[in-house]
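Listed here are the chains, written in short residue letters.
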Amino acid sequence: MVDIKRVDAIIDKWDTDPEFVIEMMQDVQDEFRHIPRKALERISDRTGKPRGKLFHIATFYKAFSLEPRGEKEIQVCMGTACYVKGAPDVLAALERELGIRSGETTPDGKFTLTEVRCVGACGLAPVVTIGDEVIGGVKSNEVPRIMKRFREEGRE
Ligand code: FES
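Residues numbered from 1 in each chain as written. Predicted model: local features only at pLDDT ≥ 70, side-chain atom pairs only at ≥ 80, totals over all residues. Heavy atoms only, no water.

**Student:** Describe in detail the pattern of salt bridges, supporting the description with residues and values.
**Tutor:** With the rule as written, the count across this model stands at 13 salt bridges. Its salt-bridge partner being Asp8, residue Arg46 comes within 2.9 Å of it at the nearest N-O pair. Pair noted here: Arg46 is in helix H3 (residues 37-47) and Asp8 is in helix H1 (residues 4-13), with a separation of 38 residues, a long-range link. Judged by its relative accessible area of 14%, Asp8 is buried. Notably, a salt bridge pairs Glu71 with Lys110, separated by 3.6 Å at the nearest N-O pair. A residue pair is termed long-range when its members are at least 10 positions apart, and Glu71 in the loop between helix H4 (51-60) and strand S1 (72-77) and Lys110 in the loop between helix H6 (87-98) and strand S2 (111-116) qualify at 39 residues. (Salt bridge = Lys/Arg side-chain N within 4 Å of Asp/Glu carboxyl O. Helix = DSSP H or I, 4+ residues; strand = E, 2+ residues; numbered from the N terminus. Buried < 20%, exposed > 50% of the residue type's maximum accessible area, 1.4 Å probe, protein only.)

As structure tokens, this is what we get:
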């Protein structure tokens, strides 16, 4: 359930100004880890920005998600350097390990798996980022060990 009071507090913070709907959506995304439909409608109703326009923004910008995202985002770089050094195998290993497909979130809400283009660390290819951490030279057979570490960190 979306706590509409929290959404209202965000809208108030930006003075209900339609010029700042992207900032409002960013705050909602940060707080709820996605943009719930009810929040989108509330921003629309209170700022007067058409719902369709907000929906378009939510789907256009990669930073926004209409579906709940996991606590940690796992991004597999599929840029050329990473691709030729085995990124597809790493992605497949992560899908197996997490039991989800690319673009999905684990049922426990811990991890979202996505593919990205070059993250600018080609010298470390293939690269996976988990939360803020950049992991280079990842081999598919190391994936279970890497994920074990992150699962344990999550329990601390
Ligand atoms: S291609 Fe993966 S970091 Fe550049």
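**Student:** How would you sum up the domain arrangement of the protein? Please name residues and give values.
**Tutor:** Along its sequence, the protein is carved into domain 1 (4-60) and domain 2 (72-155). Taking the mean C-alpha position of each, domain 1 and domain 2 sit 30 Å from one another. (Domains from an automatic or database assignment.)

**Student:** Could you give me a rundown of unusual backbone geometry, with the residues and numbers involved?
**Tutor:** At the junction of Ala125 and Pro126, the peptide bond is cis and its omega measures out at -5° in the coordinates. Here Pro126 shows up in the loop between S2 and strand S3 (128-130). One non-glycine residue, Asp15, adopts positive backbone phi at about 55°. Relative to the elements of secondary structure, Asp15 occurs in the loop between H1 and helix H2 (21-32). The exposed category is assigned to Asp15, whose relative accessible area is 65%. Of note, the phi angle at Arg33 is positive, near 60°, even though the residue is not glycine. Positionally, Arg33 belongs in the loop between H2 and H3.

**Student:** So, the side chain of Thr114: which residues are in play, and what are the values?
**Tutor:** Looking at the secondary structure, you find Thr114 in strand S2. Polar side-chain contacts of Thr114 include one of 3.4 Å to the side chain of Glu73. Aside from chain neighbours lying at most four places away, what touches Thr114 is Glu73, Ile74, Gln75, Val76, Ser102 and Gly103. (Polar contact = N/O pair within 3.5 Å; in protein donor to acceptor, adjacent residues only side chain to side chain. Contact = heavy atoms within 4.5 Å.)

**Student:** Just give me the short version of the nonpolar core, but keep the residues and values in it.
**Tutor:** Ranked by size, the top nonpolar core spans 26 residues in total, and within it Ile74, Leu94 and Met147 carry the most contacts. Mapped onto this core, the elements with two or more residues apiece are S1, H6, S2, S3 and helix H7 (143-155). Ignoring anything within four residues of it in the chain, the contact list for Ile74 reads Leu94, Leu98, Phe111, Thr112, Leu113, Thr114, Val128, Thr129, Ile130 and Met147. (Core = buried A, V, L, I, M, F, W, Y, C linked by side-chain atoms within 4.5 Å.)

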